[in-house]
Number of protein chains: 2
Amino acid sequence: MSGKRVFFFGDGQADGHAGMRNLLGGKGANLAEMITLGIPVPPGFTVTTEECIAYQQTNALSDELKADVKEVLAKVEKAMDKKFADANDPLLFSVRSGARVSMPGMMDTVLNLGLNDETVQGLANKSGNARFAFDSYRRLVQMYGDVVMGVDGHTLEHAIDEIKAARGVKLDTELSADDLKELIATFKSIIKDETGQDFPTDPFEQLWGGISAVFKSWHVKRAYEYRAINRIPHDWGTAVNVQAMVFGNMGENSATGVAFTRDPSNGERRFYGEFLIDAQGEDVVAGTRTPQQLNVAGRDLLPAGNEAKTLPTLDEAMPEPYKALDKIRGDLENHYKDIQDIEFTIQDGRLWMLQTRSGKRTGVAAIRIAAEMEAEGLVTMEEALLLVEPDHLDQLLHDQIDPDAETTEMGVGLPASPGAAQGEIVFSAEDAVAAHADGKKVVLVRRETSPEDIAGMHVAEGILTSRGGMTSHAAVVARGMGKPCVAGCSDLVVDTKTGKMEIGGKTYTAGDMLTINGTTGAVIDGAPALVPPHMDDPNLAKVMGWADETRRLKVRTNADTPHDAKQAREFGAQGIGLCRTEHMFFGEDRILKMREMILAENLEAREVALAKIKPMQQDDFEGIFRAMDGLEVTVRLLDPPLHEFLPHETADMKVLADEMGVELKTIELKVESLHEMNPMLGHRGCRLGLIYPEIYDTQVEAIIAAAIVVKKEGVDVRPEIMIPLVGTRRELGDLRTRTIMVAERVMAEADYKVDYLVGTMIEIPRAALLADEMAQEADFFSFGTNDLTQMTFGYSRDDTNGFLPEYVRRGILTNDPFQQLDQSGVGQLVEMAAVKGRKGNPKIHLGICGEHGGDPSSVAFCHKVGLDYVSCSPFRVPIARLAAAQVMVREKLEAGK
Amino acid sequence: MSGKRVFFFGDGQADGHAGMRNLLGGKGANLAEMITLGIPVPPGFTVTTEECIAYQQTNALSDELKADVKEVLAKVEKAMDKKFADANDPLLFSVRSGARVSMPGMMDTVLNLGLNDETVQGLANKSGNARFAFDSYRRLVQMYGDVVMGVDGHTLEHAIDEIKAARGVKLDTELSADDLKELIATFKSIIKDETGQDFPTDPFEQLWGGISAVFKSWHVKRAYEYRAINRIPHDWGTAVNVQAMVFGNMGENSATGVAFTRDPSNGERRFYGEFLIDAQGEDVVAGTRTPQQLNVAGRDLLPAGNEAKTLPTLDEAMPEPYKALDKIRGDLENHYKDIQDIEFTIQDGRLWMLQTRSGKRTGVAAIRIAAEMEAEGLVTMEEALLLVEPDHLDQLLHDQIDPDAETTEMGVGLPASPGAAQGEIVFSAEDAVAAHADGKKVVLVRRETSPEDIAGMHVAEGILTSRGGMTSHAAVVARGMGKPCVAGCSDLVVDTKTGKMEIGGKTYTAGDMLTINGTTGAVIDGAPALVPPHMDDPNLAKVMGWADETRRLKVRTNADTPHDAKQAREFGAQGIGLCRTEHMFFGEDRILKMREMILAENLEAREVALAKIKPMQQDDFEGIFRAMDGLEVTVRLLDPPLHEFLPHETADMKVLADEMGVELKTIELKVESLHEMNPMLGHRGCRLGLIYPEIYDTQVEAIIAAAIVVKKEGVDVRPEIMIPLVGTRRELGDLRTRTIMVAERVMAEADYKVDYLVGTMIEIPRAALLADEMAQEADFFSFGTNDLTQMTFGYSRDDTNGFLPEYVRRGILTNDPFQQLDQSGVGQLVEMAAVKGRKGNPKIHLGICGEHGGDPSSVAFCHKVGLDYVSCSPFRVPIARLAAAQVMVREKLEAGK
């Protein structure tokens, strides 16, 4: 604990600064920073994240904290020249969460704290706007009842619908001050009925309740889920920002809005944003009203028919505040050297900044911003590299709709997150999760999304909404997830109750196919062909060029076919780190021959079957070697247990029996005899290679023969033969000796030489523990972190459903260790093996070929422990290249500190 | 390489000594030692084990080695005053193997090297015994053809049978010199026919062939198997002893025999042995002739009807050589301070010693010899402790026939290895292995056994032979294995061809039940009741007392029932290191309630089912706590995956469905839903405890409630609650917190306190790697080396049949790591976790509860890495106690060096 519980900001002075993000949260740190920069920010204070952690133990605010808050509150009163709980001219507060990293929409907010039956009159008198005062009070009672006291939000919404129906009006704004008074009374009685407690009239009681509610919200389920998906530790906690209220809803001379210093969708350097006149902040974000554009330039870019095209812009409606905002935009970018996502309120013509933070952006935008900011001289090349998140590159690699495909465009919305997505329509997050579990691809269609929909969005191919702007929940979250999204499609009518939607004159029901183009905003009928993305963005080439100049770690790919190999090479792969030979056997024409081999009664029969398999393998290898001309190709010898290749249904067994001319019973018995209790720990990998050496012999023959063929064609071929699943030195030594013997024989028969290496996968904990011995039998180690994770944790990847999601939810595990390398446990073995391996064989090459090879934090770890390369799936190659560069830059920055 | 390839011994001088066992083998080192002690040993030389290893690479004897042999051979010629290959009076040689430890009957031997058509005449002339000379030559050609040239031994034996039939004689000795000449010619032509090569007439060629054959024999299958069973490393190699021939078959004044300086069966201090007049050494060992007793005292002890009772003893037949032998017996015991197993030959009245080595003995004998040698002042208490092998104690714990059982004794043989054994009769090693694989218990019945039978003997309950003495192959090997054996039962007629045996007038066929009593030699009809052994041997008490005084390591037991707990306590267990609660649920009355709990639809239903289980568990714990009054009892909370408790047959599912009043389909679906691909790595252990906390809660309640009950009775109760399968600190921390909460609640409700500890099993590699963190949440660690071995090697214990036996056979693994702790891999994790654990929590208790806890070498390892205790099955407790003492003594001896 740092000791200081509450940090003041206001009057041009702040206790904190931008560097105190861990203690004050991102929002609190930046509010303090903005104050120091001379930017107009409503005064307030931040309660630290440490207090949040402390709260989780006691479930109560300490007396010390309350005393500190009261002390700082006096400073705010001085800065605003108003008093909290003053019946004549009350100072009101907003209470907002603010974690170390932004968690949009995840945490609860309460506005207008300080209002009660007395002070509301003071506000009405002072503002001269009774309707505004009672609407503010109505919002407080509604939010407080929902968020702090736990009343069902829908019950309260229903009360609003009822009074609107009774008055015969459609909009909230059509309700009068008296209507609102009646509504407040209704809310209070609902609260009393549902909770047995009165809405608190003491402003301080409201304040403590609000702070407590933010702390409690850290542990609600949707926050858990957001953190789990976004890999945010559960023990960070959130800070609370208590800030003097300013009002964007004090009439036609007031407004509230959100803006980005550049276009977050494509990265263009233009001031981009949306606002609403006479509104509070949540009205913009919630997407219930269509927001207006910040400036004329932005409005001109809207697609035809968009409602906002007919509405005035901020520079038209309020030119002075707009000018002030535009200046602040430049100041913030110069200060933070990154695109900023800002919130502002104009109260009665005066501009207030409520927030600034690093702006979430699409992959395309991230790349463009990095490239242009470097060109502008705003950032160095190395700083520019850190402006792109590795996962953002994923978006550049998303599918696009085939330009040659015939498409029927049914309507158009906002291009909220790029890429094309298609799937069956679902109308709820639950349906999305269920259909996904059945292996279906889905597009989630909603009027608007809310944090409750997170799980459904996560499994959907893409998201389509009928309401909301580019900063709506759906748009922000989809961009964060790198998923295609079309938002605010006003052509679309969604009826979730009947499970139907209408667009372009056609009615769709759940299960119908739909395609969206998040790059253009188009909604397309059916499922036209998609094409893989092209990486031809010149900004991307520039940034990736910097990454390649910067990084030390090489990036290879996992590829089993010439096609994948070619694609990965286009993505920048510097070789193949893992070519799984077994995948070559699952083709329909091949599986039968593989089965013949497995079911062979004796060595001779097995050799006959293997002789049929060999030319197929050799053909595959030739294709891969050609595609990887000049680069290393690591081929793993057969790894899975043999029974994986065998049929398990009687009908399939019968086919095989007929084909082989044996009794069905024979097949059944063999399948039965190969059954294993725990196949993951069974007879596979090098254990097969040692017991049935003819299998590996055949594979080695195919590899070397292929290498000879392509080398004669002039290809620079560099095969590396990898022996899987070794746990003892003798396994590796015996198989290495035999591999070399077979390779030398093939070369002698061909009277032709190729260079090759023989190494192993380190995936058994024992091999890591004894890596010094192992290294003496290996030219290279490739860490198979999938299996290493399974065995180090004792988890079967196939059987973790019963507990792993719950472990992550509860924070027993910070992450799913199959997605992100467990650095303290599995990583300890990797590091130990790297050190011991180099000790045993100073010339050894070290790499990683588990799925972690494409995870940025794992790539950084591999760099730090001194591996030579990572290998990952083709689409993750650019991500790994960038991650490898970023860790170098960060190391340099650390060293410079 | 030490450089020196060949070591001479003879003429009272030797290049080597007893300390050079690794280089010269046990036999070679002891021959050198005996020479130095002034004991008459035929001169010769030893080729080192290093040459054997070198031979495995090249498959040829080096020129340097041949030159060295020729040089030393000249010294032997001088000592014997004869020349090798001398046509008039040839010096002949034996060639024998001699590994670092004795491998009886495993390695090949060739005698009478140096004879050919020329030199045999010289031998005939010089000895004046043409028949002897040609018989010697016949033996050479036969052995050489078989052992060196690879001719089928049976073909040669068949030729002998044919000539005997042709001459109308029954015994080999009835064949004349001319018959033998004819036989030699026949042998040579068989050799030529079968191998295409002539029997070599050049004595040097014979010598090189003989040495090579010994080296080659190191890698034959039966030698591999013997080493695998006896855990002898495959890379030790064997030395070759080449020694001037002396002949026990030069007539009635010659003899050959084997003897023990004490009785190897019961340890009595009497000179015990067997010999044959006019015979060569292998005649005694092979058991083809019934040997005579060494002295009258020995003969008097033979059972009535034994053929040897009618034959003269050595002290009767040759009193002078006997006297010389008896003196050597004393000299050797005084020198080696252990019982010696010696081989001697009397050639024409002159005594020659051919070998001395530490004598294999029964467990009873080992205990008695240790106790008596200490009492005699021959050894110190600590030396005495090293005279007993831990595995020997196993024999003392073998079953005995219930004294009250009605038994029908069908015949009696020699009591070759103690204990009673019963099972189905099998007549071949293959049948034994097959029946064992089917889960049957078998008694292996053979006329005599040979090294080819090793695998069958290993799986048999006991061994019965109709031929051979106490030093026959069957007897020696069975004692080594600690298996009951009745040897040389002359009442028995075995016909392996028809698969029948006759004894006591009854005919048995394969599959009939038979019982043998290896302590008395009795062969008993059927399967009378057996009783567990009593540990009431006063020598045992003495030795175990010394062990307990000496050791630092405590020994606990793994016991799940009050009965096992009591028995283990009688065996000296100092607590329970592992009480598996799940074993308590497999009883017929309980499994149903367990199933109800698992199939409960929700928490409430599960709690109802658990409430039924709780009193049963509490009752078990009370019984165990009472049995372990004053000692620690570590109870492991539920560990296996839930589906292990569920029925898998439809009929059983139906019973359960009826009992629970649900549809069969419901049960089927639940069983299906709990199915796992790799249950070993699935949802079990603490993963269950975290997802279904009510299960562990109930168990903790039962433990604490039981402890309260028995403590009120005055029992000193010391429960330790163990949380299994943890891999992360949070798992352990969360469950520890909950365990303490439940325990405190139970005690508060009872208003009564008991002390208890909460700790964990270290069985997941990650837990070992992060033991410093883990230790902060644990009062104790117990290493679960079974699972730790599975995960460190990536082996499923259930699925290793496909490769593990072959791995051990080929030496890829020195041992089965589930039997003997893999010290370099798994042990590395244990040691790391012990060090880190103590760092994280200096007060932590450390133990091991895997099956390795009863393996002597693993016990020694646990001592060395500083564990506090080992825990093993009740019958292994005495073994662990002794092993723990021996490692202390050895450490002391090492330190004193």
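The structure displayed is predicted, hence computed values, not measured ones.

1. Some points on the relation of the copies chain B and chain A
After a rotation of 179° and a shift along the axis of 0.3 Å, chain B superposes on chain A with an RMSD of 0.3 Å. The superposition of one copy onto the other is thereby described by a two-fold rotation axis. In terms of C-alpha distance to the rotation axis, chain B has B:Asn678 as its closest residue, with the C-alpha 2.2 Å off the axis. In this assembly the copies share their binding face: 100% of the residues contributing to the interface of chain B also contribute to that of chain A.

2. Some points on the sheet that holds strand 27 (residues 554-558) of chain A
Residues and elements named next belong to chain A. The strand order around the closed barrel built from eight strands is 27-28-29-30-31-32-33-34, with neighbouring strands paired in parallel fashion. For this sheet the average axis-to-axis angle between neighbouring strands, irrespective of direction, equals 30°. Relative to strand 31 (residues 757-762), strand 30 (residues 718-723) runs parallel, the two being bridged by four bridges. Bridge pairing in strand 31 places Ile723 opposite Thr760. Each of strand 28 (576-580), strand 29 (632-636) and strand 30 is contacted by helix 23 (residues 603-627), which is oriented at about 155° to strand 29, the strand it contacts most.

3. Description of a negative patch on the surface
Residues and elements named next belong to chain A. A cluster of like negative charges, contributed by Asp146, Asp152, Glu157, Asp161, Glu162, Asp193 and Glu194, occupies part of the molecular surface. Mapped by element, the contributors of at least two residues to the negative patch are helix 6 (153-167) and helix 7 (177-195). The element that contributes the greatest number of residues to the negative patch is helix 6, accounting for three residues. By secondary structure assignment, the location of Glu157 is in helix 6. With relative accessibility at 40%, the residue Glu157 sits in the partly exposed group.

4. Comments concerning the packing of aromatic side chains
All names here are of chain B. Counted according to the given criterion, the structure contains 28 aromatic pairs over all chains. Between Phe132 and Phe247 the ring centres are 4.8 Å apart and the planes differ by 85°, which places this aromatic pair in the edge-to-face class. With Phe132 in helix 5 (residues 130-148) and Phe247 in the loop between strand 8 (238-244) and strand 9 (255-260), this residue pair connects regions lying 115 residues apart in the sequence. When sorted by exposure, Phe132 lands in the same class as Phe247, which is buried.

5. Examining the interface of chain B and chain A
Frequently, the measure chosen for interface size is the accessible area that the parts lose on association. The partner chain A presents 44 residues to the 44 residues of chain B that form the contact. Here chain B packs against chain A, burying approximately 4000 Å² in sum over the two surfaces, 56% of which is carbon and sulfur. Put simply, chain B and chain A have two salt bridges between them. Along the contact surface separating chain B from chain A lie 28 residue pairs in polar contact (both at pLDDT 80 or more). The set of elements that each furnish at least two residues to the side of chain B that touches chain A consists of helix 26 (686-691), helix 28 (729-750), helix 29 (765-769), helix 31 (785-793), helix 32 (804-810) and helix 33 (826-840) of chain B. Classifying every residue of the side of chain B that touches chain A gives 20 nonpolar, twelve polar and twelve charged.

6. Here's the deal with the nonpolar core
Soluble, globular proteins show a tendency: their nonpolar side chains are buried together. Core analysis: the biggest nonpolar cluster contains 226 residues, and A:Ile704 and B:Ile704 have the highest contact counts within it. Sequence-distant contacts of B:Ile704, defined by excluding residues within four places in its chain, comprise B:Ile721, B:Ala743, B:Val746, B:Met747, B:Val754 and B:Tyr756.

7. Some remarks on the environment of B:Glu316
All names here are of chain B. Following the sequence through the fold, Glu316 ends up in helix 12 (residues 314-317). Each C-alpha atom, one on Glu316 and one on Glu701, is 76 Å from the other, the two residues being 385 residues apart in sequence. There is a polar contact of 2.9 Å between the side chain of Glu316 and the backbone nitrogen of Thr313.

8. Notes on the pairing of strand 28 of chain A
Residues and elements named next belong to chain A. Buried residues dominate strand 28, accounting for four of its five residues. The pairing of strand 27 with strand 28 spans two bridges and is classified as parallel. Across the sheet, residue Thr557 finds its bridge partner in strand 28, namely Ile576. Pairing geometry for strand 28 and strand 29, over three bridges, is parallel. When the sheet's bridge partners are listed, Cys579 is paired in strand 29 with Val635.

Calculation rules
- Residues numbered from 1 in each chain as written.
- Chains lettered and ligands numbered in written order.
- Predicted model: local features only at pLDDT ≥ 70, side-chain atom pairs only at ≥ 80, totals over all residues.
- Heavy atoms only, no water.
- Least-squares fit on C-alpha atoms with pLDDT ≥ 70 in both.
- Contact = heavy atoms within 4.5 Å.
- Pairing = 2+ DSSP bridges.
- Helix = DSSP H or I, 4+ residues; strand = E, 2+ residues; numbered from the N terminus.
- Axes fitted to C-alpha atoms, helices over the stretch in contact; angles between N-to-C directions.
- Patch = residues over 30% accessible without salt bridge, like charges linked within 9 Å, V, L, I, M, F, W, Y side chains within 5 Å.
- Areas by Shrake-Rupley, 256 points an atom, 1.4 Å probe, with all protein chains shown as cover.
- Salt bridge = Lys/Arg side-chain N within 4 Å of Asp/Glu carboxyl O.
- Lys, Arg positive; Asp, Glu negative; His and termini not counted.
- Charge placed at Lys NZ, Arg CZ, Asp CG, Glu CD.
- Buried < 20%, exposed > 50% of the residue type's maximum accessible area, 1.4 Å probe, protein only.
- Phe/Tyr/Trp six-rings, centres within 6.5 Å; stacked < 30°, edge-to-face > 60°.
- Buried area = accessible area lost by both parts, 1.4 Å probe.
- Polar contact = N/O pair within 3.5 Å; in protein donor to acceptor, adjacent residues only side chain to side chain.
- Nonpolar A, V, L, I, M, F, W, Y, C, P; charged D, E, K, R; others polar.
- Core = buried A, V, L, I, M, F, W, Y, C linked by side-chain atoms within 4.5 Å.

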